[in-house]
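Fold and geometry: a report
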Amino acid sequence: MQRYPRNMIGHGPDRPDAKWPGGAKIAVQFVLNYEEGGENNILHGDAASEAFLSDIAGAAMWPGQRHWNMESIYEYGARAGFWRLHRLFTGYDIPLTIYGVATALARSPEQVEAMKDAGWEIASHGLKWVEHKDMPEEEERAAIAEAIRLHSEVVGEAPRGWYTGRCSANTVRLVAETGQFDYVSDTYDDDLPYWLEVDGRDQLIIPYTLEANDMRFATSPGWIEGEMFYTYLKDAFDTLIVEGEAGKPAMMSVGLHCRLIGRPGKMAGLKRFLDYIGGFEGVWTPTRLEIAEHWAKTHPPKKGPRPSTMDRETFVGTFGGIVEHSPWVAERAFDLELGAAHDRPAGLANALARVLRTASHEERLGVLQAHPDLAGKLAEAKRLTEDSTAEQASAGLDALTDAERARFTELNTAYVDKHGFPFIIAVRDHDKAGILAAFERRIANDTETEFAEACRQVERIARLRLEAVL
């Protein structure tokens, strides 16, 4: 089996109505990352100092040494930035989700108390604010368990949300396998939550953001003044609220860091944004946990056939009849690289079409010849496949007058005599009059032209049939 693990389709072209509480047109969710005291530092047993997300241009890790300037910048976040943001958001009565690094929380009991008194959600941001990409799986699993343990000890309750940030390819799976998180946020791939099946369990994913994020004050290209941050947030909000007013409410995440946005000049842009969205009706500003609880209640996971996860026997048994009397098409499609995109009608139809397009002329002719005549003897004898019976009935071909039946018989005979295969058309796209008109028009085509058109119609029929299966 060739199976592609990435999901390139998600909610698809017609994303669901989020149905936010109170009919809100947008959910604006603010995250404050609390990492101060959990970053790379030889005091924490790490091999080098921190180099990520600070105001030090071109910062690099210092192996075996403390980096006094870097440490003091992180300390600003805990000592001053946090309290400035605490005053701001409690003043606006907007709850935050804290992404709390467990070791950082343990070193900041007064800030934790303030978070709890404000009613903010404290989600887990891992055990330490360090890179996980090269961490062995068992070591990362142990770090997740220790993060949960320490978080519970410091905060007084276990975290219900998770975001590692500097994650590995294993992170989402390892967190999901604990079975205790209402959501995981280590993705950036959508504007709405979605369900991800991990080892047979449905895990809710609430995507996060690296662009509506103050981290770009510390990256290039990035923000250099608060006004730039405000302008970007405003533009994102304006786009999303229009979509919400059109019936497709989405979620806007805003990522913040105590040592970055907590600086006065940077925070001014954030305050402008809070003032701006306060002038709109239909704006919901929840915690991520509130989003998770709403989504689980309103949009529970849906179960259905997933072609990309089927074994060969199940796949061919389910889809072997989609192309009329030609199970070999499904057999070859199974051997293609399939993924989540092929679990939807358009995707699987494309896989079947690829097989047909690369088949030999003789094989494709066999597919065409396997199709029954429209309103022919097989239909009259009720010997059509279930799909063909329903399709012909949908266009009224099961209720013809004697004159109509005679005309179809005449056209069928002439068409097969000329081209060597039956007339094929996706009848669900037409009514009876349209089918007759197409029949009379196409019978004049040369066989090469009609062969190509008949093959296109086979693909179209497969696409329509899959709508009823997936």
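Residues numbered from 1 in each chain as written. Predicted model: local features only at pLDDT ≥ 70, side-chain atom pairs only at ≥ 80, totals over all residues. Heavy atoms only, no water.

Counted residue by residue, strand β2 (residues 26-34) has nine buried out of nine residues, so it is predominantly covered. Alternating residues of β2 divide into I26, V28, F30, L32 and Y34 and A27, Q29, V31 and N33, and every residue in both groups is buried. Sheet analysis places β2 next to strand β9 (residues 250-257), joined by eight bridges and oriented parallel. Opposite L32, over in β9, you have L256 as the bridge partner. Sheet topology places β2 next to strand β10 (residues 283-284); two bridges connect them, and they run parallel. In the sheet register, I26 faces β10, and the bridge partner there is V283. (Buried < 20%, exposed > 50% of the residue type's maximum accessible area, 1.4 Å probe, protein only. Helix = DSSP H or I, 4+ residues; strand = E, 2+ residues; numbered from the N terminus. Pairing = 2+ DSSP bridges.)

Secondary-structure assignment places A169 in the loop between β5 (161-162) and α5 (171-176). Overall, the relative accessible area of 84% leaves A169 in the exposed class. Each C-alpha atom, one on A169 and one on K133, is 7.0 Å from the other, the two residues being 36 residues apart in sequence.

What follows covers the nonpolar core. By size, the foremost hydrophobic cluster in this structure holds 47 residues, and its most contacted members are F30, Y34, F89, V254, L256, L270 and F273. Listing elements by their share of this core, those giving two or more residues are β2, α1 (68-92), α2 (102-106), α3 (109-117), α6 (226-245), β9 and α7 (264-277). Ranked by residues supplied to this core, first place goes to α1 with seven residues. For L270, the residues in contact, after removing those within four places along its chain, are F30, L85, L88, F89, F229, L256 and I261. Counting 46 residues, the second largest nonpolar core, distinct from the first, contains L348, A375, I425 and C455. (Core = buried A, V, L, I, M, F, W, Y, C linked by side-chain atoms within 4.5 Å. Contact = heavy atoms within 4.5 Å.)

Any empty space left between the atoms is revealed when a probe the size of a water molecule rolls over them. Its boundaries defined by the atoms lining it, the largest pocket holds a volume of some 1900 Å³. Lining the largest pocket are 44 residues; nearest its centre among them are N7, G10, Y194, W195 and A340. Residue composition of the lining of the largest pocket, grouped by class: 20 nonpolar, nine polar and 15 charged. (1 Å grid on protein atoms, 1.4 Å probe; cavity = no way out; pocket = protein on both sides within 12 Å on 5 of 7 lines; lining within 4 Å. Points joined across faces, edges and corners; volume = space filled by probe spheres on them. Nonpolar A, V, L, I, M, F, W, Y, C, P; charged D, E, K, R; others polar.)

Turning our attention to empty space enclosed by the protein. Under the definition given, this model contains three cavities of 30 Å³ or more. When its volume is computed, the largest cavity comes out at roughly 110 Å³. For the largest cavity, the full set of lining residues is H371, P372, L374, S388, E391, Q392, F423, I424, I425, V427, I461 and R465. Elements with a contribution of two residues or more to the lining of the largest cavity: α14 (386-394) and α17 (447-467). For the lining of the largest cavity, the element with the highest residue contribution is α14, accounting for three residues. Along the lines of polarity and charge, the residues of the lining of the largest cavity split into seven nonpolar, three polar and two charged. Taken as a whole, the second largest cavity holds about 50 Å³ of empty space. Lining the second largest cavity, in full, are L356, R364, V367, L368, C455, V458 and E459. Elements supplying a minimum of two residues to the lining of the second largest cavity: α12 (361-369) and α17. Residue composition of the lining of the second largest cavity, by class: five nonpolar, no polar and two charged.

What is shown is where atoms sit, not what they do.
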